[in-house]
Amino acid sequence: MFSDFFEKLINFAKIIVHTQKDKDAFLNLKKANEETVAVIPMELTHSSKITGGAILPKKIVFFFFGNIREYKGLKYLIQAIPLILKEIPDLKVIIAGEGDISEFSSFIENNKSVFEVYNEFISDEKVSELFQRTEIVVMPYTKMSGQSGILSVALAFNKPIVSSNVGGINEVVEDGITGFLVPPQNSEALGDAIINILKK
(Lines give C-alpha, C1' and ligand atoms only; values in the text may rest on other atoms or scores of the structure.)
Protein backbone atom coordinates (compact mmCIF):
# COMPACT_ATOMS: atom_id res chain seq x y z
CA MET A 1 0.00 0.00 0.00
CA PHE A 2 2.75 2.43 0.96
CA SER A 3 5.47 1.12 -1.37
CA ASP A 4 5.10 4.04 -3.80
CA PHE A 5 5.49 6.48 -0.91
CA PHE A 6 8.55 4.65 0.38
CA GLU A 7 10.08 4.54 -3.11
CA LYS A 8 10.00 8.35 -3.27
CA LEU A 9 11.94 8.67 -0.01
CA ILE A 10 14.83 6.29 -0.58
CA ASN A 11 17.07 8.97 -2.08
CA PHE A 12 17.36 10.76 1.28
CA ALA A 13 20.58 10.34 3.28
CA LYS A 14 18.64 9.57 6.48
CA ILE A 15 15.03 8.53 6.97
CA ILE A 16 13.25 8.70 10.32
CA VAL A 17 10.15 6.59 10.96
CA HIS A 18 8.03 6.07 14.07
CA THR A 19 7.80 2.26 14.06
CA GLN A 20 9.91 -0.81 13.40
CA LYS A 21 7.25 -1.94 10.94
CA ASP A 22 7.90 1.10 8.74
CA LYS A 23 11.65 0.56 8.97
CA ASP A 24 11.19 -3.03 7.84
CA ALA A 25 9.14 -1.79 4.89
CA PHE A 26 12.04 0.39 3.76
CA LEU A 27 14.55 -2.42 4.23
CA ASN A 28 12.36 -4.79 2.23
CA LEU A 29 12.75 -2.49 -0.78
CA LYS A 30 16.44 -3.42 -0.65
CA LYS A 31 17.31 0.19 -1.49
CA ALA A 32 17.87 1.26 2.11
CA ASN A 33 20.00 -0.20 4.89
CA GLU A 34 20.07 -0.33 8.68
CA GLU A 35 22.15 2.85 8.90
CA THR A 36 19.87 4.82 6.59
CA VAL A 37 16.60 4.27 8.46
CA ALA A 38 16.17 5.25 12.13
CA VAL A 39 13.20 4.49 14.37
CA ILE A 40 12.20 7.31 16.73
CA PRO A 41 8.90 6.61 18.55
CA MET A 42 6.29 9.35 18.44
CA GLU A 43 6.62 11.75 21.36
CA LEU A 44 3.76 13.27 23.33
CA THR A 45 2.15 16.17 21.54
CA HIS A 46 1.49 19.57 23.12
CA SER A 47 -2.16 18.73 23.68
CA SER A 48 -1.12 15.44 25.33
CA LYS A 49 0.50 17.36 28.16
CA ILE A 50 -2.48 19.54 28.97
CA THR A 51 -3.96 18.90 32.39
CA GLY A 52 -6.39 21.82 32.56
CA GLY A 53 -10.08 21.75 31.76
CA ALA A 54 -13.01 20.65 33.85
CA ILE A 55 -12.60 17.40 35.76
CA LEU A 56 -16.07 15.93 35.54
CA PRO A 57 -17.53 12.99 37.48
CA LYS A 58 -16.37 9.60 36.22
CA LYS A 59 -18.86 7.67 34.13
CA ILE A 60 -18.62 4.50 32.09
CA VAL A 61 -17.35 6.34 29.07
CA PHE A 62 -15.35 5.36 26.06
CA PHE A 63 -13.96 7.71 23.50
CA PHE A 64 -13.46 7.77 19.73
CA PHE A 65 -11.31 10.82 18.96
CA GLY A 66 -9.79 12.40 15.86
CA ASN A 67 -10.61 13.27 12.28
CA ILE A 68 -13.34 10.94 11.09
CA ARG A 69 -12.18 9.07 8.00
CA GLU A 70 -13.22 5.69 6.61
CA TYR A 71 -9.97 4.01 7.68
CA LYS A 72 -10.59 5.06 11.29
CA GLY A 73 -13.24 2.32 11.42
CA LEU A 74 -15.98 4.21 13.28
CA LYS A 75 -18.60 1.98 11.68
CA TYR A 76 -17.15 -1.07 13.47
CA LEU A 77 -17.43 0.71 16.79
CA ILE A 78 -21.04 1.65 15.98
CA GLN A 79 -21.77 -1.98 15.09
CA ALA A 80 -20.33 -3.08 18.43
CA ILE A 81 -22.56 -0.80 20.52
CA PRO A 82 -25.61 -3.15 20.78
CA LEU A 83 -23.32 -5.98 21.93
CA ILE A 84 -21.71 -3.76 24.58
CA LEU A 85 -25.04 -2.38 25.80
CA LYS A 86 -26.27 -5.90 26.61
CA GLU A 87 -23.47 -6.21 29.15
CA ILE A 88 -22.91 -2.56 30.11
CA PRO A 89 -26.25 -0.72 29.92
CA ASP A 90 -24.95 2.37 31.75
CA LEU A 91 -22.75 3.48 28.88
CA LYS A 92 -21.69 6.74 27.26
CA VAL A 93 -19.87 6.87 23.93
CA ILE A 94 -18.11 10.11 23.05
CA ILE A 95 -17.32 10.76 19.39
CA ALA A 96 -15.22 13.86 18.86
CA GLY A 97 -13.66 15.12 15.65
CA GLU A 98 -14.26 16.62 12.24
CA GLY A 99 -15.62 14.50 9.41
CA ASP A 100 -18.73 13.00 7.86
CA ILE A 101 -20.84 11.00 10.30
CA SER A 102 -24.07 11.10 8.28
CA GLU A 103 -23.90 7.32 7.76
CA PHE A 104 -24.47 6.89 11.50
CA SER A 105 -26.93 9.73 12.15
CA SER A 106 -30.04 7.56 12.45
CA PHE A 107 -28.43 5.12 14.89
CA ILE A 108 -27.04 7.95 16.99
CA GLU A 109 -30.39 9.76 16.96
CA ASN A 110 -32.17 6.57 18.06
CA ASN A 111 -29.72 6.14 20.93
CA LYS A 112 -29.38 9.71 22.18
CA SER A 113 -28.80 8.66 25.78
CA VAL A 114 -25.74 6.65 24.72
CA PHE A 115 -23.95 9.11 22.46
CA GLU A 116 -22.26 12.45 23.03
CA VAL A 117 -21.05 13.83 19.70
CA TYR A 118 -18.75 16.77 18.95
CA ASN A 119 -18.56 16.74 15.15
CA GLU A 120 -16.12 19.65 14.92
CA PHE A 121 -12.53 20.72 15.51
CA ILE A 122 -11.69 19.97 19.15
CA SER A 123 -9.75 22.61 21.07
CA ASP A 124 -6.88 21.66 23.40
CA GLU A 125 -8.96 22.54 26.44
CA LYS A 126 -11.83 20.33 25.24
CA VAL A 127 -9.41 17.50 24.47
CA SER A 128 -8.23 17.62 28.07
CA GLU A 129 -11.75 17.62 29.45
CA LEU A 130 -12.89 14.70 27.31
CA PHE A 131 -9.85 12.55 28.00
CA GLN A 132 -10.24 13.11 31.74
CA ARG A 133 -13.83 11.84 31.56
CA THR A 134 -12.90 8.80 29.53
CA GLU A 135 -12.54 5.22 30.77
CA ILE A 136 -11.27 3.74 27.49
CA VAL A 137 -9.93 5.15 24.22
CA VAL A 138 -11.09 3.14 21.22
CA MET A 139 -9.15 3.07 17.92
CA PRO A 140 -10.95 0.65 15.56
CA TYR A 141 -8.75 1.48 12.55
CA THR A 142 -9.01 -0.69 9.45
CA LYS A 143 -5.45 0.14 8.31
CA MET A 144 -2.61 2.54 8.95
CA SER A 145 1.10 2.99 8.51
CA GLY A 146 3.38 4.23 11.25
CA GLN A 147 1.96 5.49 14.53
CA SER A 148 -1.03 7.46 15.80
CA GLY A 149 -0.85 10.79 17.61
CA ILE A 150 -4.10 9.88 19.34
CA LEU A 151 -2.37 6.88 20.87
CA SER A 152 0.27 9.19 22.38
CA VAL A 153 -2.42 11.44 23.85
CA ALA A 154 -4.29 8.47 25.35
CA LEU A 155 -1.12 7.19 27.00
CA ALA A 156 -0.33 10.67 28.33
CA PHE A 157 -3.69 10.62 30.10
CA ASN A 158 -3.01 7.07 31.32
CA LYS A 159 -6.03 5.60 29.54
CA PRO A 160 -6.38 1.97 28.51
CA ILE A 161 -6.70 1.49 24.76
CA VAL A 162 -8.72 -0.88 22.63
CA SER A 163 -7.30 -0.81 19.13
CA SER A 164 -7.20 -2.75 15.92
CA ASN A 165 -3.86 -4.49 15.50
CA VAL A 166 -2.69 -2.45 12.50
CA GLY A 167 0.39 -0.40 11.62
CA GLY A 168 2.84 0.02 14.47
CA ILE A 169 0.23 0.18 17.23
CA ASN A 170 1.38 -3.16 18.63
CA GLU A 171 4.82 -1.64 19.21
CA VAL A 172 3.26 0.69 21.80
CA VAL A 173 0.15 -1.03 23.16
CA GLU A 174 0.99 -4.08 25.28
CA ASP A 175 -1.89 -6.44 24.67
CA GLY A 176 -3.60 -7.26 27.95
CA ILE A 177 -1.50 -4.74 29.89
CA THR A 178 -1.97 -1.19 28.54
CA GLY A 179 -4.92 -2.20 26.41
CA PHE A 180 -6.26 -4.80 24.02
CA LEU A 181 -5.46 -5.40 20.37
CA VAL A 182 -8.17 -6.88 18.17
CA PRO A 183 -8.35 -7.90 14.51
CA PRO A 184 -9.37 -5.01 12.22
CA GLN A 185 -12.96 -4.85 10.92
CA ASN A 186 -14.18 -7.15 13.70
CA SER A 187 -17.00 -5.52 15.68
CA GLU A 188 -17.54 -8.55 17.91
CA ALA A 189 -13.89 -8.70 19.01
CA LEU A 190 -13.92 -4.93 19.55
CA GLY A 191 -17.03 -5.14 21.72
CA ASP A 192 -15.67 -8.09 23.72
CA ALA A 193 -12.42 -6.21 24.45
CA ILE A 194 -14.30 -3.13 25.67
CA ILE A 195 -16.57 -5.28 27.87
CA ASN A 196 -13.52 -7.10 29.24
CA ILE A 197 -11.92 -3.83 30.40
CA LEU A 198 -15.12 -2.37 31.86
CA LYS A 199 -15.95 -5.51 33.82
CA LYS A 200 -12.52 -5.78 35.48
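Analysis parameters
Residues numbered from 1 in each chain as written. Predicted model: local features only at pLDDT ≥ 70, side-chain atom pairs only at ≥ 80, totals over all residues. Heavy atoms only, no water. Salt bridge = Lys/Arg side-chain N within 4 Å of Asp/Glu carboxyl O. Helix = DSSP H or I, 4+ residues; strand = E, 2+ residues; numbered from the N terminus. Buried < 20%, exposed > 50% of the residue type's maximum accessible area, 1.4 Å probe, protein only. Phe/Tyr/Trp six-rings, centres within 6.5 Å; stacked < 30°, edge-to-face > 60°. Expected span 1.5 Å × (residues − 1). Bend = angle between axes of the 7 residues up to and from the residue. Contact = heavy atoms within 4.5 Å. Pairing = 2+ DSSP bridges. Axes fitted to C-alpha atoms, helices over the stretch in contact; angles between N-to-C directions.

Q: I'd like a description of the pattern of salt bridges, backed by residues and values.
A: For side chains bearing opposite charge, pairing can occur when the charged atoms are close. A complete count under the given rule lists three salt bridges for this structure. Among the ionic pairs, glutamate 116 bridges to arginine 133, the shortest N-O distance being 2.7 Å. Of this pair, glutamate 116 sits in strand β5 (residues 115-118) while arginine 133 sits in helix α5 (residues 124-133), and the two are 17 residues apart along the sequence. Of the two residues examined, glutamate 116 and arginine 133, each falls in the buried class.

Q: Describe the packing of aromatic side chains, and please don't skip the residues or the numbers.
A: A full pass over the atoms with the stated rule returns six aromatic pairs. A centroid spacing of 5.5 Å and a plane angle of 85 degrees characterise the contact between phenylalanine 65 and phenylalanine 131, whose relative ring orientation is edge-to-face. Here phenylalanine 131 lies in helix α5 and phenylalanine 65 lies in strand β3 (residues 61-65), a separation of 66 residues in the sequence. Grouping residues by exposure puts phenylalanine 65 and phenylalanine 131 together as buried.

Q: Could you give an account of helix α3 (residues 74-87), with specific residues and numbers?
A: If you check α3, its first and last C-alpha atoms are 20 Å apart, about what 14 residues at 1.5 Å a residue would give, namely 20 Å. Isoleucine 81 marks where α3 bends most, by close to 35 degrees; the proline proline 82 follows one to four residues later. Taken as a whole, α3 has its buried residues at Leu74, Tyr76, Leu77, Ile78, Ala80, Ile81 and Ile84. Buried residues along α3 sit in contact with β3, β4 (92-96), α4 (105-110), β5, β6 (136-139) and α7 (187-198).

Q: Got a sec to walk through the environment of lysine 126? Specific residues and values, please.
A: Of note, lysine 126 is situated in helix α5. Taking C-alpha positions, lysine 126 is 9.7 Å from alanine 96, a pair spaced 30 residues apart along the chain.

Q: Describe the sheet that holds strand β7 (residues 161-164), and please don't skip the residues or the numbers.
A: Ordered by their spatial adjacency, six strands build an open sheet running β5-β4-β3-β6-β7-β8, and the pairing between neighbours is parallel. Across the chains shown, the open sheet's two edge strands, defined by having one partner strand only, are β5 and β8 (179-182). Going across the sheet, the axis of each strand differs from the next one's by a mean of 20 degrees, ignoring polarity. Of the pairings in the sheet, the one linking β7 to β8 comprises four bridges and is parallel in character. Across the sheet, the residue bridging to serine 163 is leucine 181, located in β8. Strands in contact with α3 are β3, β4, β5 and β6; relative to β3, the strand with the most contacts, it is inclined by about 165 degrees.

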